Amino acid sequence: MESAAAPEARGAEAPRPPAPPPSPAEPPAAPRARPRLVFRTQLAHGSPTGRIEGFTNVRELYAKIAEAFGIAPTEILFCTLNSHKVDMQKLLGGQIGLEDFIFAHVRGETKEVEVTKTEDALGLTITDNGAGYAFIKRIKEGSIINRIQAVCVGDSIEAINDHSIVGCRHYEVAKMLRELPKSQPFTLRLVQPKRAFDMIGQRSRSSKCPTDAKVTSGRETLRLRSGGAATVEEVPTEFEEEASRRVDDLLESYMGIRDPELASTMVDTAKKTPSVQEFAHRLDSILGEFAFPDEFVVEVWAAIGEAREACG
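Here the structure is a predicted model, which means the values were calculated and not measured.

**A word on the overall build of the chain**
Scanning the chain from terminus to terminus reveals 7 helices and 12 strands. Counting over 312 residues, the chain shows a buried share of 45%. When contacts within the chain are restricted to residue pairs at least 6 apart in sequence, those whose partners lie at least 24 apart make up 64%. Working note: accessible area of the chain is about 17,000 Å², and carbon and sulfur atoms make up 52% of it.

**Comments concerning the pattern of salt bridges**
According to the stated counting rule, one finds 21 salt bridges in the structure shown. Taking the shortest distance from any N to any O, the salt bridge between Arg245 and Asp249 comes out at 3.1 Å. A residue pair is termed a helical-turn pair when its members lie 3 or 4 positions apart in one helix, as Arg245 and Asp249 do in helix α4 (residues 238-255) at 4 residues. Taken together, the shared-partner salt bridges in this structure form one network comprising Arg138, Glu242, Arg245, Arg246, Asp248, Asp249, Glu252, Arg258 and Glu306.

**Digging into helix α2 (residues 58-69)**
A rise of 1.5 Å per residue sets the reference length of α2, with its 12 residues, at 16 Å; its end C-alpha atoms lie 17 Å apart and thus fit the reference within 8%. Among the residues of α2, those classed as buried are Val58, Leu61, Tyr62, Ile65, Ala66 and Phe69. The buried residues of α2 occupy an angular sector of 135° when projected down its axis, which confines them to one face. Seen from the buried face of α2, the exposed residues on the opposite side, beyond 90 degrees, are Arg59 and Glu67. At its buried positions, α2 is contacted by β1 (39-43), β2 (50-52), β3 (76-81), β4 (95-97) and β5 (101-116). Measuring from the side-chain oxygen of the N-cap residue of α2 to the backbone nitrogen of Arg59 gives 3.2 Å; that N-cap residue is Asn57. One or two positions beyond α2, positive phi appears at Gly70, with a value near 65°.

**Let's talk about the environment of Gly50**
Tracing the backbone shows Gly50 in strand β2. With a relative accessible area of 10%, Gly50 lands in the buried category. Placed 19 residues apart in sequence, Gly50 and Phe69 show a C-alpha to C-alpha distance of 7.5 Å. Sequence-distant contacts of Gly50, defined by excluding residues within four places in its chain, comprise Phe39, Arg40, Thr41 and Phe69.

**Describing the nonpolar core**
If you look at the biggest cluster of nonpolar residues, it comprises 56 residues, and the most contacted ones within it are Ile157, Leu177 and Phe292. Taken domain by domain, this core gets at least three of its residues from each of domain 1 (38-193) and domain 2 (237-311). Excluding its chain neighbours within four sequence positions, the residues that come into contact with Ile157 are Ile126, Ala134, Phe135, Ile136, Ile165, Val173, Leu177, Leu188, Arg189 and Leu190. Ranked by size, the runner-up nonpolar core spans 22 residues in total, among them Phe39, Val58, Leu92 and Ile96.

**Remarks on the confidence of the model for the chain**
Close inspection of predicted coordinates is inappropriate in any region flagged by low pLDDT. For the chain, the average pLDDT comes to 83, and 79% of its residues sit at 70 or higher. Predicted confidence in the chain is weakest over helix α1 (residues 5-11), with a mean pLDDT of 38, and strongest over strand β8 (residues 156-160), with 97. In the model, residues 1-14 has pLDDT below 50 throughout and makes 1 contact with residues more than four positions away in sequence or in other chains. Every residue in residues 205-218 scores below 50 in pLDDT, and together they form 40 contacts with partners more than four places removed in sequence or on other chains.

**Structural notes on the pairing of strand β6 (residues 124-128)**
Within β6, 5 of the 5 residues are buried, which leaves it mostly tucked inside the rest of the structure. Taking every second residue as pointing to the same face, both faces of β6 are buried, with Leu124, Ile126 and Asp128 on one and Thr125 and Thr127 on the other. Here β6 runs beside strand β7 (residues 134-139); their pairing, made up of 5 bridges, is antiparallel. Considered in β7, the bridge of Thr127 is made with Phe135. The antiparallel hairpin formed by β6 and β7 contains 5 residues in its connecting segment, where Gly130 sits at a positive phi of about 80°.

**Details of the packing of aromatic side chains**
Scanning the entire structure with this criterion turns up 8 aromatic pairs. Plain terms: the ring middles of Phe101 and Phe103 are 4.9 Å apart, the flat faces sit at 25° to each other, and that makes the pair stacked. Among the aromatic residues, those joined into a ring-pair cluster are Tyr171, Tyr254, Phe290, Phe292 and Phe296.

**Observations concerning the packing of helix α5 (residues 260-271) against helix α7 (residues 294-310)**
With their axes 11 Å apart at the nearest point, α5 and α7 run at an angle of 75° to one another. Viewed along their axes, α5 and α7 adopt a mutual orientation that is roughly perpendicular. Across the interface between the two elements, Met266, Val267, Ala270 and Lys271 from α5 touch Phe296, Val300, Trp301, Ile304 and Arg308 from α7. Looking at the contact of α5 with α7 residue by residue, the class counts come to 7 nonpolar, no polar and 2 charged.

Rules and cut-offs
- Position numbers for residues start from 1 in each chain and track the written sequence from start to end.
- Whole-chain, interface and lining totals are the exception, using all residues; otherwise, since this is a predicted model, local features are given only for residues with pLDDT of at least 70 and side-chain atom pairs are given and counted only at 80 or more.
- The side-chain numbers reported here are obtained from all heavy atoms of the structure, hydrogens and water having been left aside.
- Secondary structure is summarised from DSSP: a helix means a run of H or I of at least four residues, a strand means a run of E of at least two, and numbering begins at the N terminus for each.
- Think of it in three bands: with a 1.4 Å probe and only protein chains considered, a residue is buried below 20% of the maximum accessible area for its type, exposed above 50%, and partly exposed in between.
- Contact criterion: two residues are considered in contact whenever any of their non-hydrogen atoms come within 4.5 Å of each other.
- In short, Shrake-Rupley with a 1.4 Å probe defines the accessible areas, and a residue's cover is counted only from the protein chains shown.
- Take a side-chain nitrogen of Lys or Arg and a carboxyl oxygen of Asp or Glu: if they are within 4 Å of each other, that pair is a salt bridge.
- Expected span, for any helix, means 1.5 Å times one less than how many residues it has.
- Working note: the arc is built from the helix axis to C-beta atom directions.
- N or O atoms within 3.5 Å of each other form a polar contact, as long as, within protein, one can give a hydrogen and the other can take it, and as long as residues adjacent in sequence are counted only when both atoms are side-chain atoms.
- The criterion is simple. A nonpolar core is a set of buried Ala, Val, Leu, Ile, Met, Phe, Trp, Tyr and Cys residues joined through side-chain atoms within 4.5 Å.
- How far each domain reaches was decided by an automatic or database domain assignment.
- Each residue carries a pLDDT value, the predictor's own confidence for that position, ranging from 0 to 100.
- One requirement defines pairing of two strands: DSSP has to find at least two bridges between them.
- Two rings belonging to Phe, Tyr or Trp (six-membered ring only in the last case) form a pair when the distance between their centres is within 6.5 Å. Interplanar angles under 30 degrees mark stacking, angles over 60 mark edge-to-face geometry, and anything in between is tilted.
- A fitted line through C-alpha atoms serves as each axis, taken over the contacting stretch for helices, and the angle formed by two N-to-C directions is quoted from 0 to 180°.
- For this classification, under 35 degrees means roughly parallel, over 145 means roughly antiparallel, 65 to 115 means roughly perpendicular, and everything else is oblique.
- Gly counts as polar in this scheme, as do all residues outside two lists: the nonpolar Ala, Val, Leu, Ile, Met, Phe, Trp, Tyr, Cys and Pro, and the charged Asp, Glu, Lys and Arg.

Right, dumping it as structure tokens:
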């Protein structure tokens, strides 16, 4: 005879074995480590090779170079890529190829020249180093400045009539020179870059070249920005290079300046806008300090469109 407890026992579930402890969660895949970007550098007039890294803009680049060679960052006038010469076709702009060699040109002798403005234009093209120094990138053949042998491509303009322009942008310096009255002498205080022995005696002039030399040697470049962090990007496309060259030419003809970073920024802005009106609005919002006239903006838009057609 079954006990009353038997059916109860048969109806009860057998105890379950304890659940195994949860397996530890798979750790998230670590993000791919960004390669260390280490660049080789020398002082253009001669020095051992240094190595620099960890900069995100031009001012930080100069600070790193200065630290490597035990000089003040303010000693550096500008940098060239893959050439120690004062070669404006190799000038460091907004991009550095990952294999490029950086040469820093530092302050040399100071000189003063007196100039009489007999024409509206002096024949100078001004650029700046992104860290407070404006300097001469081109001298037009047959111009007023061309006749003054003491003035050379690569000279930094330190003062106009004893008024220091250190810290001014290139477009501000170009405007000051344009507004100087005619037939009235003025003084330029210039600082020439220190030269190596094999460079002494040269008066460097940039030839009329259809395009600046390509500064990249690798498939990627480090894009430097005056605002924001540097980024590693693909080498610019044929269209981007051609459009930037055309815009840089327009900057020179309209404003007397050359600025590859500015030209590249304008091309990037045009790529994101559907119309010239929207393009003008965006330029005002991001580059308002330049106060580009409407006719210049239209010329830039047209030049970028022509570059797009030329490159297919």
